[in-house]
Amino acid sequence: MNVGRRRVATVFGLVTVLAVAIALLPGHRGWFDVGVYHGAVGHWVRGGDLYDWTTGNGYGFTYPPFAAVTMLPMAALAWYPTIVANLLLTALAVAFLLHLLVDPLARRHGWTRWYALALACCLLAGLNPVRDTVSFGQVNLSLVALVYVDLWLLERGSRLAGVGVGLAAAVKLTPAIFIGYLLVTGRWRAAATAAGTLVGATVVAAALAPQASRTFFAEALWDTDRVGELAYVSNQSLLGVVARLDPAHPDRRVWLLLVVAVLAVWAVRARRAVRDGDERAGFALTGVAACLVSPVTWVHHLVWLVPGLVVLAASTLPWPPVDAAARRRARAGAAGYVVLCSGLVWVFANGSDGPWGFVGANAYVWVGLGMLALLPIGRAETGDHPGLTEHCGAVGVPRGVAVDRQR
């Protein structure tokens, strides 16, 4: 069998294994979240209150009004076309992210591009957060793609950098941490663009839906019961860890101390990433920090860790690793990937008592903390970054100038 046929057979085999595993393993979410979007927006269009609508088990719309404005086309669609539209948007987001994050690696190392992208797509589909995002019908991957449009713009010195972050933060508050990233790394213009886009989108939503905006910012935003139980094992944030220690009375002082520590580490490492010309590591670190410090980080929100896995994988290339440090990174990355694929935390969904319960129920948090502290950065640890190096080299710009122009 020649190389081309072996590669086709490999991809076909991986797709078959994944399809069988996804079909047979537990964890089918029944498009629950897209059902919430569809039901709440439809109720709103018919004259109801956006934040009064709930499912039979009490879950309602939890995003800002601008998110509902962007979802208005759902009101014109029946149930199954809504699911198809959600899947198409997710597929487009995945295609963009793979092209942005993986394709430069394939080109730099002379890999067959379709084969590299197909393998990356299979590896992506194996992750528990990705499977849950698709099965819930969530918007997570679309938001990651929207934020990473700004990575693409920053690497090209575009004046539009910040628009993607601003729009993503207007749809869901978590991506607003990327405005903080732009601030702590000194990209004042991009930060102002992101903040201005966020405010502008929020004002537009307030003009179109004044009552929904008042309800969200005065009531729904502060009602943590709307999003679910903090101690539930799916909440893989620092507050989730604290809440599982004492579900009745989680100590928010401890949580705030942990948040401050995480943000301090993140700010130092993000600044170093930009100083070393490694924007991709900076973005990846910010996604990891967002998952850790957010009060609620459901398992499907952890798609923000995916770019970090790509950065980690890039630091081990060429394959196989030739030095001990790269081999250690490869082992650590493989271990983190396996944990994120495993669904380990769900083993403890009905209880997480004892030391093993504490370790297992918070497994994804440990992966996030490890990535925050150890993700390779810049020339010293990972070599010239392929994406930035190729772009700068193509236009004759020395390393670092593309970043400095944004300061």
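For clarity, every value in this text was computed on a predicted model and none was experimentally measured. (Residues numbered from 1 in each chain as written. Predicted model: local features only at pLDDT ≥ 70, side-chain atom pairs only at ≥ 80, totals over all residues. Heavy atoms only, no water.)

Enquirer: Looking at this structure, how should I read the overall build of the chain?
Expert: Each helix and strand counted, the chain has 22 helices and zero strands in total. Counting only C-alpha atoms and orienting by the principal axes, one finds that the chain spans roughly 60 × 50 × 45 Å. Within the span of the chain, comprising 407 residues, buried residues form 51% of the whole. Contacts spanning at least 24 positions in sequence make up 73% of the contacts within the chain whose residues lie at least 6 apart. Looking at the chain as shown, the accessible area adds up to about 18,500 Å², and 68% of this sits on carbon and sulfur atoms. Each charge class in the chain was averaged separately, 32 positive and 22 negative side chains, and the resulting centres sit 10 Å apart. (Helix = DSSP H or I, 4+ residues; strand = E, 2+ residues; numbered from the N terminus. Buried < 20%, exposed > 50% of the residue type's maximum accessible area, 1.4 Å probe, protein only. Contact = heavy atoms within 4.5 Å. Areas by Shrake-Rupley, 256 points an atom, 1.4 Å probe, with all protein chains shown as cover. Lys, Arg positive; Asp, Glu negative; His and termini not counted. Charge placed at Lys NZ, Arg CZ, Asp CG, Glu CD.)

Enquirer: Can you help me understand the packing of aromatic side chains in this one?
Expert: Enumeration according to the criterion identifies 15 aromatic pairs in this entry. Taken together through their ring pairs, the aromatic side chains of Tyr-37, Tyr-51, Phe-61, Tyr-63, Phe-216 and Phe-217 make up a single cluster. If you follow Arg-29 out to its NZ or CZ, it ends over the ring of Trp-346, 4.8 Å from the centre. (Phe/Tyr/Trp six-rings, centres within 6.5 Å; stacked < 30°, edge-to-face > 60°. Lys NZ or Arg CZ within 6 Å of the ring centre and 35° of its normal.)

Enquirer: I would appreciate a short explanation of the environment of Trp-152 in the present structure.
Expert: Here Trp-152 is to be found in helix H8 (residues 140-155). Taking C-alpha positions, Trp-152 is 9.6 Å from Arg-280, a pair spaced 128 residues apart along the chain.

Enquirer: Which parts of the structure should I look at to understand helix H13 (residues 238-245)?
Expert: One full turn of an α-helix is made of 3.6 residues, so residues set three or four places apart face in the same direction. Counting buried positions along H13 gives seven out of eight residues, so the element sits mostly inside the fold. Within the span of H13, buried status applies to Leu-238, Leu-239, Gly-240, Val-241, Val-242, Ala-243 and Arg-244. Where H13 is buried, its residues touch helix H14 (252-275), helix H15 (279-293), helix H18 (354-361) and helix H19 (363-374).

Enquirer: Teacher, can you tell me more about unusual backbone geometry here?
Expert: Peptide bonds are trans in most cases, and residues, glycine excluded, mostly fall at negative phi. The step from Leu-317 to Pro-318 runs through a cis peptide bond, and the omega angle for that step is 0 degrees. One can find Pro-318 in the loop between helix H16 (306-314) and helix H17 (324-342). For Trp-31, which is not glycine, the phi dihedral falls at a positive 60 degrees. Along the chain, Trp-31 turns up in the loop between helix H1 (3-24) and helix H2 (32-45).

Enquirer: What is the right way to read the environment of Gly-240 from this model?
Expert: Note on placement: Gly-240 falls in helix H13. As a C-alpha pair, Gly-240 and Gly-110 span 130 residues in sequence and 43 Å in three-dimensional space. Every residue in contact with Gly-240, bar those within four places of it in the chain, is listed here: Leu-230 and Asn-235.

Enquirer: Before we go on, may I ask you to explain the environment of Val-184 in this structure?
Expert: Relative to the elements of secondary structure, Val-184 occurs in helix H10 (residues 177-184). Once the C-alpha coordinates of Val-184 and Ser-352 are considered, the two residues, 168 residues apart in sequence, prove to be 37 Å apart. Those residues in contact with Val-184 that sit more than four places away from it in its chain are Trp-266 and Arg-271.

Enquirer: Please explain the pattern of salt bridges as it appears in this structure.
Expert: Any two side chains of opposite charge can pair, given that their charged atoms come close. Applying the stated rule across the entire model yields nine salt bridges. Across the pair Glu-155 and Arg-156 runs a salt bridge, and its minimum N-O distance is 3.9 Å. Its relative accessible area of 32% is what places Arg-156 among the partly exposed residues. A salt bridge links Glu-155 to Arg-280; the shortest N-O distance between them is 2.8 Å. Of the two residues, Glu-155 sits in helix H8 while Arg-280 sits in helix H15, which places them 125 residues apart along the sequence. Side by side, Glu-155 and Arg-280 carry an identical accessibility label, which is buried. It is possible to trace a salt-bridge network through shared partners that takes in Asp-103, Arg-107 and Arg-113. (Salt bridge = Lys/Arg side-chain N within 4 Å of Asp/Glu carboxyl O.)

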